[in-house]
Amino acid sequence: MDNTKPFCISKREVWEAYKRVKANQGAAGVDGQSIEQFEEDLENNLYRLWNRMCSGSYFPPPVRRVDIPKGDGQTRPLGIPTVSDRIAQMVVQRYLEPIVEPLFHDDSYGYRAGRSAHQALSVARQRCWRYDWVLGRFHASALRRALRTLDDFLVRWAQRKYKRFRAHKKRAWQWLWRVRARQPDLFAHWALASTVGR
């Protein structure tokens, strides 16, 4: 019997993940153990983690919550995992990333290696300058359904608000057409494209 563990994770993978976590540094997790303290019994700690991951008995410990100040005076919560949990996450990331990365769309920037929100904004800015998004063919085709959904919402609102429209959707649409004819700039989507009743 060659395979005694249900998950095939090499000790080398755990070692490589540890080296990456050490290079990233980071604060101690909920157990208060820093990377230096983890290294005091490095061999046993890595073996224990490898053994639990291979046997399927690894359960991540709780994450320490730290509030990080934002620019507007508010704070946002940040979760800090323990050192061993960061190593386990790195093992899983190193295994899954080459499999999953080719499946992402080229324009996907969230939580991907070597990509950031700044890059996404840069690409969006370049495309906005290259294409005429508001007046071009974009609104006439791609946004028509979305704009029609806004009109449907207005009709449903009118049916709830006015008793005379409750059982008469066609009358509610006619009322919306009349409102639009009188005040074409009342809603922003009416100014973008004529979608009412189409």
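As a reminder, the structure under discussion sits directly above these lines.
Residues numbered from 1 in each chain as written. Predicted model: local features only at pLDDT ≥ 70, side-chain atom pairs only at ≥ 80, totals over all residues. Heavy atoms only, no water.

J.: Explain the packing of aromatic side chains here, please?
T.: On inspection of all chains with the given rule, the structure shows eight aromatic pairs. Note on tyrosine 47 and tryptophan 50: the rings are 5.6 Å apart at their centroids and 40° apart in plane angle, and the pair reads as tilted. A residue pair is termed a helical-turn pair when its members lie 3 or 4 positions apart in one helix, as tyrosine 47 and tryptophan 50 do in helix α3 (residues 42-55) at three residues. Members of the aromatic cluster, each reached through a chain of ring pairs, are Trp157, Tyr162, Phe165 and Trp175. The ring of tryptophan 50 carries lysine 11 above its face, with NZ or CZ at 4.7 Å from the centroid. A cation over an aromatic ring shows up here: arginine 164 above the ring of tyrosine 162, its NZ or CZ 5.4 Å from the ring centre. (Phe/Tyr/Trp six-rings, centres within 6.5 Å; stacked < 30°, edge-to-face > 60°. Helix = DSSP H or I, 4+ residues; strand = E, 2+ residues; numbered from the N terminus. Lys NZ or Arg CZ within 6 Å of the ring centre and 35° of its normal.)

J.: It is not clear to me how the environment of glutamine 89 should be interpreted in this structure. Could you clarify?
T.: Residue placement: glutamine 89 occurs in helix α4 (residues 83-100). The sequence separation of glutamine 89 and valine 21 amounts to 68 residues, and the corresponding C-alpha distance is 9.7 Å.

J.: Just to check I follow, could you spell out the packing of α3 against α4 for this structure?
T.: When two helices pack together, their arrangement is given by the angle between their axes and by how far apart the axes lie. Put simply, α3 and α4 touch, their axes get as near as 11 Å, and they point 50° apart. Classed by the angle they form, the pair α3 and α4 counts as oblique. In the packing of α3 onto α4, the handedness of the crossing is right-handed. Across the interface between the two elements, Leu46, Leu49 and Met53 from α3 touch Ser84, Ile87, Ala88, Val91 and Val92 from α4. (Axes fitted to C-alpha atoms, helices over the stretch in contact; angles between N-to-C directions. Parallel < 35°, antiparallel > 145°, perpendicular 65-115°, else oblique. Left-handed = near helix turned anticlockwise from the far one by under 90°. Contact = heavy atoms within 4.5 Å.)

J.: Before we go on, may I ask you to explain α4 in this structure?
T.: Because each turn of an α-helix spans 3.6 residues, side chains separated by three or four positions end up pointing in the same direction. Taking 1.5 Å of rise per residue, 18 residues should cover 26 Å, and α4 covers 25 Å from first to last C-alpha, within 8% of that figure. At arginine 94, α4 shows its largest kink, close to 25°, and the proline proline 98 lies no more than four residues downstream. Residues Val83, Asp85, Arg86, Ile87, Ala88, Met90 and Val91 constitute the buried set of α4. Summarising the contacts, the buried residues of α4 are in contact with α1 (11-24), α2 (35-40) and α3. (Expected span 1.5 Å × (residues − 1). Bend = angle between axes of the 7 residues up to and from the residue. Buried < 20%, exposed > 50% of the residue type's maximum accessible area, 1.4 Å probe, protein only.)

J.: How do you make sense of the packing of α1 against α4 when you look at a structure like this?
T.: Orientation of α1 relative to α4, taken along the N-to-C sense of each, is 115°, at an axis distance of 8 Å. As α1 runs across α4, the sense of the crossing is right-handed. Only Arg86, Ile87, Met90, Val91 and Arg94 of α4 make contact with α1, whose side of the interface consists of Glu13, Val14, Glu16, Ala17, Tyr18, Arg20, Val21 and Asn24. For the contact of α1 with α4, the residue count by class is seven nonpolar, one polar and five charged. (Nonpolar A, V, L, I, M, F, W, Y, C, P; charged D, E, K, R; others polar.)

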